[in-house]
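Remarks on the overall topology
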Amino acid sequence: MRIPYSYLPQQFLDCNDIWLKIREVVMRGDFTLGKELPEFERAFADYIQVPHAIGVASGTDAIFLPLKALGITGEVITPPFSFYATTASIVNAGAKPVFADVGANFNIDPKAIEDVITPQTEAIVPVHWGGWPCDMDAIYSLAQKHGLAVIEDAAQATGSKWDGRSCGAWGTAGAFSLHPLKLVNIWGDGGVITCHDSLLAEKLKRLRNHGMKDRDTVIEWGYNSRLDTIQAIVAHHMLKKADSIISKRRELARTLDAALDGVAEIEWLVPLQQEFSNYYLYTFHAQRRNELLSYLISKEIDAKVHYPVPLHLQPAAKEWGYQRGDFPMAEKCAGDTITLPLHEFISSDDVFYMADTLREFYKGT
Ligand SMILES: *Cc1c(COP(=O)(O)O)cnc(C)c1O
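Below or above, wherever it landed, is the structure these notes cover. Given the structure is predicted, the values throughout are model-derived calculations rather than measurements.

With respect to the site of the ligand
Every one of the 16 residues lining the ligand counts as a neighbour, but Thr 60, Asp 153, Gln 156, Ser 177 and Lys 182 are closest to it. Gly 59 is positioned such that a nitrogen or oxygen atom in its backbone is 2.8 Å from an oxygen atom of the ligand. At 2.6 Å from an oxygen atom of the ligand is found a side-chain nitrogen or oxygen belonging to Ser 177. Considering the ligand on its own, with 380 Å² of exposed area, one finds that the protein chains cover 93% of that surface. Contributing elements (two or more residues each) for the shell around the ligand: helix 4 (59-69) and helix 5 (84-92). At three residues, the largest contribution of residues to the shell around the ligand is made by helix 4. Class assignment of the residues belonging to the shell around the ligand gives a composition of five nonpolar, nine polar and two charged.

The structure is reproduced here in structure tokens:
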């Protein structure tokens, strides 16, 4: 039995409606900012329950452009345990990332945020790691108290919720990725920004399209960061499937949780009442992680490590002067987490095979 991490070949077996719509766009020649883009944006905004959604060229730009639009150039608090794009977007916007450690659930710890707020702090960029929602009540009230913007990195958290409200609907802006390996995925790169404020939405639409107000007027120097019309069609198709994908993943996660019950060497996440995860990643803490990883791979289970080196210890972070030991939990996570393949094309037999293999490893070796 082989359990693959990537399910892309299966995912688009049935996509005739996409081909038909793409054909229409090709015949019209309407490749940029075609009508299918605002149609998708309306559907995405409704899905997250915010007034505005803006399609952009990547999830990375979906973090970068709101920081630019808000003119943030001071300190921005963000976790040291995330994908690289979170910190890179802050740097590229001209601001200074300041790390605050995560908790055992991989998400930024609100208490650690409070410890590093200074008069220079302008924003918080929390990451809903693996689709697990951050404590948005705590983060929101800190932001209110100190007058900070919040850009939620919800790249992995489409459809996740904190206390009934979607990730990406809490902050000044929310950033989503449509990368092929994300939950709502397209045939290349793309992203979506969500926000509440109409002026901010207008500015973001301008910035993604060269800062143009109309064909002949540039209000401010902008970027080329549009979501292609063709990709908006694919995104809209996938968005319609999001809820059924999420319930399948949640069901499999519950099955896997139960099948792993009693394995003392691992520690997985148990949701609080407010936490509704899309289970984008099924990640947990595991003793002897590296050996376990090789063992699983030898048994054809495509497990992964997200990610073995925390951001503050990357060569690119050298200039900020962080040391090993500065963020103990992020370092622990980098050393002991492992992600099992869990997605809508996994069967319950696969789940039991993974659980049995894991038990075998801890029992037998
Ligand atoms: C994927 C990802 C991004 C970047 O999204 P892209 O669409 O690949 O640019 C940012 N943050 C996190 C947490 C991600 O997982």
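Alright, that's what it looks like, and here's the rest.
What about the packing of aromatic side chains?
Scanning all chains against the criterion turns up 22 aromatic pairs. A ring pair is formed by Tyr 279 and Tyr 282, whose centres lie 6.2 Å apart and whose planes are at 25°; its orientation type is stacked. For the pair Tyr 279 and Tyr 282, one class covers both residues: buried. Aromatic ring contacts, followed pair by pair, group Phe 81, Phe 83, Tyr 84, Phe 106, Trp 129 and Tyr 307 into a single cluster. Its guanidinium or amino end placed over the ring of Phe 276, Lys 161 lies 5.0 Å from that ring's centre, counting from NZ or CZ. Between the NZ or CZ atom of Arg 165 and the centre of the ring of Trp 170, over which it lies, the distance is 4.7 Å.

Focus on the nonpolar core
Phe 40, Ile 266, Tyr 282, Phe 284 and Leu 358 are the most contacted members of the largest nonpolar core, which totals 80 residues. Where this core is concerned, the elements lending two or more residues are helix 2 (16-28), helix 3 (36-48), helix 9 (229-259), strand 14 (282-286), helix 10 (289-298), helix 11 (328-336), strand 15 (337-340) and helix 12 (348-364). Top contributing element to this core by residue count: helix 9, with 13 residues. Not counting the four nearest positions on each side in its chain, Leu 358 is found in contact with Leu 260, Val 263, Ile 266, Phe 284, Leu 292 and Leu 340. The next biggest cluster of nonpolar side chains, apart from the first, holds 25 residues, and it includes Val 56, Val 76, Cys 195 and Ala 201.

Points about the sheet that holds strand 4 (residues 121-124)
Across the sheet, seven strands lie side by side as 1-9-8-5-4-2-3; this open sheet has mixed pairing. The open sheet is flanked by strand 1 (52-56) and strand 3 (96-99), the only strands paired with a single partner. Strand-to-strand, the axes of this sheet are offset by a mean angle of 25°, without reference to chain direction. Sheet analysis places strand 2 (residues 75-78) next to strand 4, joined by three bridges and oriented parallel. Among the inter-strand pairings, Ile 77 is bridged to a residue of strand 4, identified as Ile 124.

About the cut-offs
- In this numbering scheme, every chain counts its residues from 1 along its sequence in written order.
- Only residues with pLDDT of at least 70 are given local features in this predicted model, and only at 80 or more are side-chain atom pairs given and counted; all residues enter the totals for whole chains, interfaces and linings.
- To get the side-chain values, all heavy atoms of the structure are used, and hydrogens and water are removed first.
- Consider each residue's heavy atoms; a residue with any of them within 4 Å of a molecule or strand counts as near.
- Nitrogen and oxygen atoms within 3.5 Å of one another constitute a polar contact, given that in protein one can donate a hydrogen and the other can accept it, and given that sequence-neighbouring residues count only through two side-chain atoms.
- Calculation of accessible area relied on Shrake-Rupley with a 1.4 Å probe; when residues are assessed, cover is drawn exclusively from the protein chains displayed.
- Note on conventions: DSSP H or I runs of at least 4 residues are helices, E runs of at least 2 residues are strands, and numbering of each starts at the N terminus.
- Note that Gly is not counted as nonpolar here; it falls among the polar residues with everything else outside the nonpolar set of Ala, Val, Leu, Ile, Met, Phe, Trp, Tyr, Cys and Pro and the charged set of Asp, Glu, Lys and Arg.
- Two aromatic rings from Phe, Tyr or Trp, using only the six-membered ring of Trp, form a pair when their centres are within 6.5 Å; if the ring planes differ by under 30 degrees the pair is stacked, by over 60 it is edge-to-face, and anything between is tilted.
- Three exposure classes are used, based on accessible area relative to the maximum for each residue type with a 1.4 Å probe and protein chains only: buried under 20%, partly exposed in between, and exposed over 50%.
- Two limits define a charge over a ring: the Lys NZ or Arg CZ must be within 6 Å of the ring centre, and within 35 degrees of the ring normal.
- Among the buried residues, those of types Ala, Val, Leu, Ile, Met, Phe, Trp, Tyr and Cys that are joined through side-chain atoms within 4.5 Å form a nonpolar core.
- Contacts were defined at the residue level, with two residues in contact if any of their heavy atoms lie within 4.5 Å.
- A pair of strands is considered paired only if DSSP assigns at least 2 bridges between the two.
- Think of each axis as a best-fit line through the C-alpha atoms, taken over the contacting stretch in the case of a helix, with angles from 0 to 180 degrees between the N-to-C directions.

The analysis is restricted to geometry; functional conclusions fall outside its scope.
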